[in-house]
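# Observations on chain architecture
Listed below, chain by chain, are the residues.
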Amino acid sequence: MKSPTIRSVHARRVWDSRGRPTVEAEVTLDDGAVGSAIVPAGASRGSREAIELRDAGARFGGFDVLQAVANVNGEIASALAGGRADDQAAIDARLIALDGTPNKSRLGANATLSVSMAVAHALAASRQLPLYESLGGPAATLLPMPQIQIFGGGAHAGRRVDIQDFLIVCPGAGSFREALEWTAEVYRSAGELMAARGSRAGVADEGGWWPDFTANEQALEALVAAIEKAGFVPGEQVAIVLDVAASEFGRNGRYRLGLESRELDSDGMIELLLRWMDRYPIVSIEDPLAEDDPEGFARFTRAAGRRIQVIGDDFLVSHAPRVREAATLGAANAVLLKPNQRGTLTETLQAWEAAQAVGYAGIVSARSGESEDTTIVHLAIGWGTGQLKVGSFARSERMAKWNEALRIEERLGARARFAGARVFGRSPA
Ligand code: 2PG
Ligand code: MG
């Protein structure tokens, strides 16, 4: 069969869930198939992430993306026109070469990623397949364990608490659909508990309840209470996941917990997290130490890595070489996979391949600034990562992802498998 070629590439400025500008690209193939994608944006970012291009000047608080849009409509569109659409690696290599910098700072990772994803969508449309199947073939049947935020914090909640994400997973659930049903109950219970404490029912950037607490640990207590109030057994049916996002408050081995007006060194931070692991049913911790503290990361992994999943996000920035380097240090045992940390799908996939080669788990993740785009759901299933983190169980930029996964689970029917207890089956202590 003749491979489809790219007829045109077009970008426009659209708006994300924080009301900030972002880039949408639309790719049309010679057979008429069209694919489009919108890039997300982070708030708590690793310093080694690919650079998203924002316009100079004050328009929209300095967040405008007209230059990135122009880069797609100009250089990128001319370079890709006429190229084969069925060779994602070649297209992404072309984008990387065209940009010419190590971190996409010239064209912008937002420009390159929008096109990289839109090409994948266009090819799937041309093949008349859903994206996950176009990426993973008939074997792509594994629905991910959802990591869903119940309380927001850190950079997503005006630093009201220091820890960024208090999330749950449902290792006891038998299907993706059931995991969402359980999460809906826990999310609701948590809201009721907060209301009973007199908190007003606001939410943070990713839809988690506003963290109205006077110590970080209170959020953990409230989470366990919410799980129990919803009728689930903490640790068995529903367990806790944290994204400490420690790079946000830690530097040079010092960690400043602003809410509690105290400062810890790396070992103090490690002790605190180990104590929480003893008290609460925690099965996974992301960025427990800061990105500039690989030794601390390795010490924490030695102490906790057999009991729980230790995820590198800001620490590994979805970068294959960093994953391999971390493995030689024994730092982390899982990598968060965020396509916009790299700027192409191929480089993000390479991080997942590197993770598998060193025995690390992989979690495809959204950013705190999102849109109706559901590409990441298809990546998690198409690549078979087994885990997906999207934010909370509220607001349509989040629900769009959960609902898309439900559709896929239904479409797969009896072929659908669920990562379920296989991911967090081991008992948390
Ligand atoms: C993270 C993400 C999502 P941000 O740190 O994992 O929670 O946040 O997109 O702001 O980096
Ligand atoms: Mg993170």
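Residues numbered from 1 in each chain as written. Chains lettered and ligands numbered in written order. Predicted model: local features only at pLDDT ≥ 70, side-chain atom pairs only at ≥ 80, totals over all residues. Heavy atoms only, no water.

## Looking at the coordination of the magnesium ion (ligand 2)
Where we set the bar: Keep in mind that water is not among the atoms, so a site may look incomplete; donors are the N, O and S atoms within 2.8 Å of the metal, or 3.2 Å for Na, K and Ca. Under the scheme used here, helices are H or I runs from DSSP no shorter than 4 residues and strands are E runs no shorter than 2 residues, and both carry numbers assigned from the N terminus.
Within the first shell, the magnesium ion (ligand 2) binds the protein through D243 (OD), E286 (OE) and D313 (OD), at distances of 2.0 to 2.2 Å. Considered as a linear motif, the donors of the magnesium ion (ligand 2) on their single chain read D-x42-E-x26-D. Placement of the pair is D243 in strand β7 (residues 239-243) and D313 in the loop between β12 (309-312) and α9 (320-329), with a sequence separation of 70 residues.

## Thoughts on the site of ligand 1
As a reminder, the rule being used: Residues are labelled near a given molecule or strand when at least one of their non-hydrogen atoms is within 4 Å of it. In the analysis that follows, any N or O atom pair within 3.5 Å is treated as a polar contact, provided that within protein one partner can donate a hydrogen and the other can accept it, and provided that, for residues neighboring in sequence, both atoms belong to side chains. All accessible areas in this document rest on Shrake-Rupley with a 1.4 Å probe, and a residue is counted as covered only by the protein chains that are shown. Under this grouping Gly is polar, as are all residues other than the nonpolar Ala, Val, Leu, Ile, Met, Phe, Trp, Tyr, Cys and Pro and the charged Asp, Glu, Lys and Arg.
The local shell around ligand 1 holds 16 residues, among which A43, S44, H156, S368 and K389 are the closest. Measuring from an oxygen atom of ligand 1, one finds a side-chain N or O atom of E206 at 3.0 Å. Between ligand 1 and D243, the relevant distance is 3.1 Å, taken from an oxygen atom to a side-chain nitrogen or oxygen of the residue. In isolation ligand 1 offers 310 Å² of accessible surface; the protein chains occlude 99% of this area. Taken together, the residues of the shell around ligand 1 sort by class into three nonpolar, five polar and eight charged.

## Topic: the packing of helix α5 (residues 176-196) against helix α6 (residues 216-229)
What counts, and what does not: In this analysis, axes come from line fits to C-alpha atoms, helices being fitted only over the stretch in contact, and the angle between any two N-to-C directions falls in the range 0 to 180 degrees. Should an angle fall under 35 degrees it is taken as roughly parallel, and over 145 as roughly antiparallel, whereas 65 to 115 is taken as roughly perpendicular and any remaining angle as oblique. Crossings are classed by handedness, with left-handed meaning an anticlockwise turn of the near helix from the far one by less than a right angle and right-handed meaning a clockwise turn. Contacts were defined at the residue level, with two residues in contact if any of their heavy atoms lie within 4.5 Å.
In contact at an axis separation of 8 Å, α5 and α6 are set at 120 degrees when each is read in the N-to-C sense. In terms of their interaxial angle, α5 and α6 are classed as oblique. In the packing of α5 onto α6, the handedness of the crossing is right-handed. Counted together, V186, S189, A190, E192 and L193 of α5 and A222, A225, A226, I227 and K229 of α6 form the full contact between these two elements. Of the residues belonging to the contact of α5 with α6, the class tally is seven nonpolar, one polar and two charged.

## A few points about the sheet that holds strand β8 (residues 250-251)
Heads up, the condition is: Paired strands, in this sense, are two strands between which DSSP finds at least two bridges.
Within the open sheet, the three strands sit side by side as β8-β9-β10. Their pairing is antiparallel. At either margin of the open sheet sits one strand with a lone partner, and together these are β8 and β10 (262-265). Sheet contacts for helix α7 (residues 266-279): β9 (254-257) and β10; angle to β10, the most-contacted strand, approximately 100 degrees.

## Considering the domain arrangement of the protein chain
A common way to express how large an interface is: the accessible area buried when the components associate. Which entries qualify depends on this criterion: Delimitation of the domains relies on an automatic or database domain assignment. The quantity reported as buried area is the accessible area (1.4 Å probe) lost by two parts once they are put together, taken as the sum for both. Here, a salt bridge means any side-chain nitrogen of Lys or Arg that lies within 4 Å of a carboxyl oxygen of Asp or Glu.
Here the protein chain is described as being made up of domain 1 (6-128) and domain 2 (137-424). Look at where the C-alpha atoms of domain 1 and domain 2 centre, and you get two points 26 Å apart. Across the contact, 30 residues belong to domain 1 and 29 residues belong to domain 2. Interface area for domain 1 against domain 2, summed over the two sides, is near 2,500 Å², with a carbon-plus-sulfur share of 49%. When the buried surface of domain 1 facing domain 2 is broken down by residue, S17, S44 and R48 rank first, second and third, together holding 24% of it. The interface formed by domain 1 and domain 2 contains four salt bridges.

## Overview of the pairing of strand β6 (residues 165-169)
The side chains of a regular strand alternate between both faces of the sheet. The cut-off we apply is this: To sort residues, take the accessible area from a 1.4 Å probe on protein chains only and compare it with the maximum for the residue type: under 20% means buried, over 50% means exposed, and anything in between is partly exposed.
With five of five residues buried, β6 lies mostly within the body of the structure. Note that strand β5 (residues 145-152) and β6 share four bridges and pair antiparallel. When the sheet's bridge partners are listed, G152 is paired in β6 with D165. Pairing analysis gives five bridges linking β6 to β7, with the strands arranged antiparallel.

## Structural notes on the environment of S189
Residue position: S189 is located in helix α5. A relative accessible area of 5% places S189 in the buried class. It is 8.5 Å that separates the C-alpha atoms of S189 and A225, two residues lying 36 residues apart in sequence. Dropping the residues within four chain positions of it, S189 is found in contact with A226, K229 and A230.

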